Each structure stands twice: as C-alpha cells, then as structure tokens.
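# Working through the structure, step by step
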Amino acid sequence: MLPLTNTSTSLKGTIMRVGTKLAAVASGAALLVTISACGGGGGADASAAAGADGTSADSLPQVQPAAAAVKLLPAALKERGTLTMAADLHYPPTSFLDTDNKTPIGYNVDIATLLAKSLGMKLEIKNVSFDGVVPGIAAGRYDFTATNMSPTPERLKVLDMVTYWAAGSSLVTSKGNPLKLSISEQMTLCGHKIAVVTGSTQAEKYLPQISGDCSAQGKPPVDTVVLPNVQAALTQLASKRIEGVFNDTSQLAWAAKQQPQAFELSPQQYKKKVGNSIVALGVAKNSPLAPALHAAMQSLMAGPAYKATLDKWGLGTGAISTSELLK
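Treat the numbers as computed from the prediction; the structure is a model and nothing was measured.

## A short note on the sheet that holds strand β14 (residues 244-248)
Note: strands within a sheet are paired through backbone hydrogen bonds, in either parallel or antiparallel orientation. Across the sheet, which stays open at both edges, the 5 strands sit in the order β13-β12-β14-β11-β15 with mixed pairing between neighbours. Both outer strands of the open sheet, β13 (223-227) and β15 (263-265), are each paired with one neighbouring strand and no more. Adjacent strand axes in the sheet meet at a mean angle of 30°, parallel and antiparallel pairs treated alike. Here helix α6 (residues 230-238) sits on the sheet and contacts β11 (169-174), β12 (193-197), β13, β14 and β15; the angle it forms with β14, its principal contact strand, is near 155°. Contacting β11, β14 and β15, helix α7 (residues 249-258) runs over the sheet at an angle of about 130° to β14.

## Some remarks on the packing of aromatic side chains
The relation between two aromatic rings is expressed through the spacing of the ring centres and the mutual angle of the planes. Evaluation of the coordinates by the stated rule reveals 8 aromatic pairs. Taking 6.0 Å as the distance between ring centres and 80° as the angle between the ring planes, the aromatic pair formed by Phe96 and Trp313 counts as edge-to-face. Taken together, the residues Phe96 in strand β6 (residues 96-97) and Trp313 in the loop between α9 (305-312) and β17 (325-326) connect sequence positions 217 residues apart. Like Phe96, the residue Trp313 is buried in the burial classification. Here the aromatic rings of Tyr206 and Phe246 are separated by 6.5 Å at their centres, their planes lie at 45°, and the arrangement is tilted. Linking Tyr206 in helix α5 (residues 201-216) with Phe246 in strand β14, this pair joins segments that are 40 residues apart in sequence. A relative accessible area of 8% means that Tyr206 is categorised as buried.

## Here's the deal with the environment of Met187
Following the sequence through the fold, Met187 ends up in the loop between β11 and β12. Here the alpha-carbon distance between Met187 and Gln217, two residues 30 residues apart in the chain, equals 9.0 Å.

## Focus on the sheet that holds strand β8 (residues 122-127)
Sheet architecture is open: 6 strands sit in the order β8-β5-β9-β16-β10-β17, paired in mixed fashion. The open sheet terminates on both sides in strands that have one partner only, identified here as β8 and β17. On top of the sheet, helix α3 (residues 107-118) reaches β5 (82-87), β8, β9 (144-149), β10 (159-166) and β16 (278-284); it is set at about 150° to β8, its chief contact.

## Quick notes on the nonpolar core
Judged by nonpolar contacts, the single largest core of 70 residues is most densely connected at Tyr107, Leu119, Tyr164, Trp165, Phe263 and Tyr306. Of the residues forming this core, the biggest block, 9 residues, is contributed by helix α8 (residues 289-302). When sequence neighbours within four positions are dropped, the list of residues in contact with Leu119 reads Ala69, Val70, Leu73, Leu83, Ala292, Leu293 and Ala296. By size, the runner-up hydrophobic cluster in this structure holds 15 residues, among which are Leu171, Cys190, Ile194 and Cys214.

## Here we look at the pairing of β12
Across the 5 residues of β12, 4 count as buried, placing the element largely inside the fold. Where β12 meets β13, 5 bridges bridge the pair, whose relative direction is parallel. Residue pairing for β13: Val197 is matched across the bridge by Leu227. Traced from β12 through α5 to β13, the parallel crossover comes out right-handed. Where β12 meets β14, 2 bridges bridge the pair, whose relative direction is parallel. Each bridged residue has a counterpart across the sheet, and for Ala195 the counterpart in β14 is Val245.

Here is what the cut-offs are and how they apply
- Residues numbered from 1 in each chain as written.
- Predicted model: local features only at pLDDT ≥ 70, side-chain atom pairs only at ≥ 80, totals over all residues.
- Heavy atoms only, no water.
- Pairing = 2+ DSSP bridges.
- Helix = DSSP H or I, 4+ residues; strand = E, 2+ residues; numbered from the N terminus.
- Axes fitted to C-alpha atoms, helices over the stretch in contact; angles between N-to-C directions.
- Contact = heavy atoms within 4.5 Å.
- Phe/Tyr/Trp six-rings, centres within 6.5 Å; stacked < 30°, edge-to-face > 60°.
- Buried < 20%, exposed > 50% of the residue type's maximum accessible area, 1.4 Å probe, protein only.
- Core = buried A, V, L, I, M, F, W, Y, C linked by side-chain atoms within 4.5 Å.
- Right-handed = clockwise from strand over helix to strand, strands pointing away.

Quick look at the structure:
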C-alpha cells in the first residue's frame, strides 16, 4: 500500500468533495470528520490548481533562509528564484485543496513551503496525478516532490531522496481511551475488538502478527473486525461497536484532529518488526538540488517549525529527529 490517502466520502454515504467536513450521526451525536480511505495514486483530474501558490489557510511558522542550505543551491535555481513541487492534491491531510477548490493545503504543502523559505526561494505547486510525479521529475518538469513516497530500491534508481517524516500506522480509540489500549504495548489489544480496513497492510500483516503474539503468550487473540473503509470503522467506533481502529497514521490523525471530542490517537505509532515507515522527498537522480534540500530540512528539524507543522495537521507522532539524503 502506498503511504497516501485517497479522496473522502461521507460517513453517511453521501459523496462529498475532498477537504469538506463529513457528517454522520452515531450514538445520538453528530460526527464531523474529514477522512479518507487508504489507496494509491489518485485517478482524479490532475489539472486543477496547477501552478497555484503553496499557501495554507493558517499561517505558517516563520523561518529565515538557512545560509548553509542556500549556499548549496545551484546558481541556475538561485537565478530563477522559484522551486516547483509536484504533488497529487487529493489526499487530506497531507496534500489536498482548500474549500475554494484551488488553494493547495496540507502537511506536505506546508513543509514544501517552509523548505522553499529556508532556501530563500518561492514555491510553485503543480497538481499532478501520483503516477505522473516521478516521470515528470525525471523529465525536468518539476524540481522535487513531497508526496509521502517510501524510499524503495526501485525509486532510488531514478531519484535521490531526502527523508522527512514517518507516515506509519496508528491506533485510534474513543476519547479518553477508557480501555487503555496501546499500539506500542501491543498485548493490551489481546481479546479486544479492533477494526482494520480490507486489503490494508494492517489487516493483512500487522494485526495478524499481533494476534498471533497474543495466542503465543496464552492470551485471547485480537477480535479482528475487517471493514470496507476507514469511514465505516470510525462510525462503528463512535457507536461503541468496536474498541479501536488500526490504520494509516495520517487518516486516523486527521479524524482525531477534526473530532477531538470523539476520537483519541495513540501517542505512538506501530513499530514494525522489520523496516520502518519513513517517507522522503524526491528529486532527480544526482540533482544538485538534493544536498540543498537536505540541508534545509535539517535546518527545519533543528528549530520549532518542523514539529509545529506536523502538529498542525495532527501528525506529530510521525516526527523524526534527523533527515537523511538517500542515493
């Protein structure tokens, strides 16, 4: 599964545009949640908002150009004064369109904007379908991407990549977490009714591993509930038919951010037995921009702007302390 979210649908089944609040009635209370189902690169129209300024509705943390990063910028880019970032703007809360249906917003939009500021550059965002991002960078149409790409061996054959956060898996419970469930203390899930989404990595790999560990320790296995999408899972959680939802961090963090009186995000992400959930910016292979972006990212991480931007979108559990330049 690609670490990206998909376009949103309402909890009541009415299709809504991405970025609007979705309404459902559960347990006698109205739920207002903007959330999206797990999926890959979207097939939606990628021409909308092309070239729109990368500005979020809320003000960004103030950052100044980082001298060490600016020094690494290629002369041609300095002279141009603008960086182009390609992203598929259909994936809240990381990359999507505001209610005006033209202004890019989201965590990836914000972090790209801050990186440009750290380099003393302006940012131009191009709305590109996910499967067109890498070819576009390779062809020189875009300078870089911030689209939650995992740095796979296949991608590293054509891109240099700069790690910038962990887009892993999390647990969301009812507000207050009355059963004290924890994804970092996985045995607390034994015997409890936990929902996962059909076809997700959490359903096919992670929760079965946890359930198997429960049985191996003589505890009851996880009472796994497989549902067609995350909206259905959140509806069942709100109506107390299940006790937790285990899914992609970005989706659950967005739900908890939008409806804090209903949902509570576990403070830690799921720790894989093998590998990690780090995602990375992508630039063309051997691009002279890569060292400058890496230095700019390190500068952001050294100050308050990086964590504040993650927290703004409910994604603080995905913060990492050091960025790597991968070739």
